[in-house]
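# An overview of the molecular structure
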Amino acid sequence: MQRYIFVDLDDTLFQTRRKCPDDAMVLEPRAYLEDGAPISYATPQQTWLWQWLNQDFRIIPVTARNYDAFRRVELPFSQEAILNHGAVVLDANHQLDRDWHADLQRQLPPQRDALHSLWRDIEHYCRDAPLLKPRLISDFNEVWYGVIKHTQGEESVLHDLLQRVVAPHAAITQGLLYWHCNGNNLAVIPQAINKRQAVAYLLERYRRHAQPLLTLAMGDSHTDAAFMALCDYALIPRHTQLHQLLARMDQTTG
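As a starting point, this report considers the structure included with it. (Residues numbered from 1 in each chain as written. Predicted model: local features only at pLDDT ≥ 70, side-chain atom pairs only at ≥ 80, totals over all residues. Heavy atoms only, no water.)

### What about unusual backbone geometry?
Its identity as a non-glycine residue notwithstanding, Asn84 has a phi of 55°, on the positive side. Counting through the fold element by element, Asn84 comes out in the loop between strand S6 (81-83) and strand S7 (88-90). Take Asn84: its relative accessible area is 0%, and that puts it in the buried class. If you check the backbone angles, His85 has positive phi at about 65° while not being a glycine. (Helix = DSSP H or I, 4+ residues; strand = E, 2+ residues; numbered from the N terminus. Buried < 20%, exposed > 50% of the residue type's maximum accessible area, 1.4 Å probe, protein only.)

Printed below as a string of structure tokens:
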């Protein structure tokens, strides 16, 4: 039986030092900045989990990272990879999957125009809030989505931007774009770009070539839930956005 796990990276297999448990005495660097400085770390539990998964599963990363940031992750991925929230699929040699890319290009033009329209409003708002840093994410010579962070990590300021500018914009209300907020990270993404569709694309390919399959998924955020639901089983790290959602549901039903 072929065994696959689709796994988110940041806040799942590793996280920034600030998010590591206070009692984690041993941390392993897992991701680096462009200057080579470590930025994200794995706890002993995450290190063990990776070692276990790497023995028995084919591991497919499913991440918001672009290709450059993905290359700065120090884990030996040897299968396909899903980057940029699902905008980019890499083959097992980590070259661009041309079929996926061509299909996405047919869907994107009106949504990309909507992204640039909303982005002008976001940049205008941020002129009066200089600690907000908006950035369009590009990869393989394409703009895929936008992300806004607060330089001092004040999430309430991001939520103000969300409620005043992003959520009421016509591109959002008409369904051309969607937003995702997790901690100090507000992303605005075209509807055609999502992790679920990219995972479904690879699952269809795997099922054509091998039966039966055992599929697992692992993720931390609301936007991971849809691709995780495609798989046979799901793993959710504690103290993450998705775990907190499940905990609230349990309190409501209990």
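Once the structure has been displayed, the description carries forward.
### Topic: the pairing of strand S9 (residues 142-150)
Within a regular strand, the side chains alternate between the two sheet faces. Of all 9 residues in S9, 7 are buried, a share of seventy percent or more. Direction of pairing for strand S8 (residues 132-139) relative to S9: antiparallel, over a ladder of 8 bridges. Across the sheet, residue Asp139 finds its bridge partner in S9, namely Glu142. Counting the residues that bridge the hairpin from S8 to S9 gives 2 residues, and of these Phe140 lies at a positive phi of roughly 50°. Here S9 runs beside strand S11 (residues 186-190); their pairing, made up of 3 bridges, is antiparallel. In the sheet register, Ile148 faces S11, and the bridge partner there is Leu186. (Pairing = 2+ DSSP bridges.)

### Things to note about the environment of Ile5
Here Ile5 lies in strand S1 (residues 2-7). The spatial distance from the C-alpha of Ile5 to the C-alpha of Glu123 is 38 Å, given a sequence separation of 118 residues. Ignoring anything within four residues of it in the chain, the contact list for Ile5 reads Leu53, Phe57, Arg58, Ile59, Ile60, Leu216, Ala217, Met218 and Leu235. (Contact = heavy atoms within 4.5 Å.)

### Things to note about the nonpolar core
Residues Phe6, Phe77, Leu104, Trp144 and Leu202 are the most contacted members of the largest nonpolar core, which totals 54 residues. Broken down by element, this core gets its largest block of residues, 6 residues, from helix H7 (residues 195-209). Once residues lying within four places of it in the same chain are set aside, the contact partners of Leu202 are Phe6, Ile60, Glu80, Ile82 and Val89. With 20 residues, the next largest nonpolar core counts Leu132, Ile148, Leu161 and Ala171 among its residues. (Core = buried A, V, L, I, M, F, W, Y, C linked by side-chain atoms within 4.5 Å.)

### Focus: the packing of aromatic side chains
This model, assessed by the stated rule, comprises 8 aromatic pairs. Aromatic pair Trp52 and Phe57: ring centres 6.0 Å apart, planes at 65°, arrangement edge-to-face. By relative accessible area, Trp52 is classed as partly exposed at 33%. Exposure remark for Phe57: the relative accessible area of 11% places this residue in the buried category. (Phe/Tyr/Trp six-rings, centres within 6.5 Å; stacked < 30°, edge-to-face > 60°.)

### A word on the layout of surface pockets
Considering only enclosed or pocket space, the largest pocket measures out at about 1,200 Å³ in volume. Lining the largest pocket are 37 residues; nearest its centre among them are Asp10, Arg65, Arg135, Lys149 and Asn185. At the level of elements, strand S2 (15-16), strand S4 (38-42), helix H2 (67-71), S8 and S9 are the ones that each hand at least two residues to the lining of the largest pocket. Looking at side-chain class alone, the lining of the largest pocket contains 9 nonpolar, 14 polar and 14 charged residues. Roughly 890 Å³ of internal volume is contained in the second largest pocket. Elements with a contribution of two residues or more to the lining of the second largest pocket: helix H1 (44-56) and helix H9 (241-253). Sorting elements by how many residues they give to the lining of the second largest pocket places H1 first, with 4 residues. (1 Å grid on protein atoms, 1.4 Å probe; cavity = no way out; pocket = protein on both sides within 12 Å on 5 of 7 lines; lining within 4 Å. Points joined across faces, edges and corners; volume = space filled by probe spheres on them. Nonpolar A, V, L, I, M, F, W, Y, C, P; charged D, E, K, R; others polar.)

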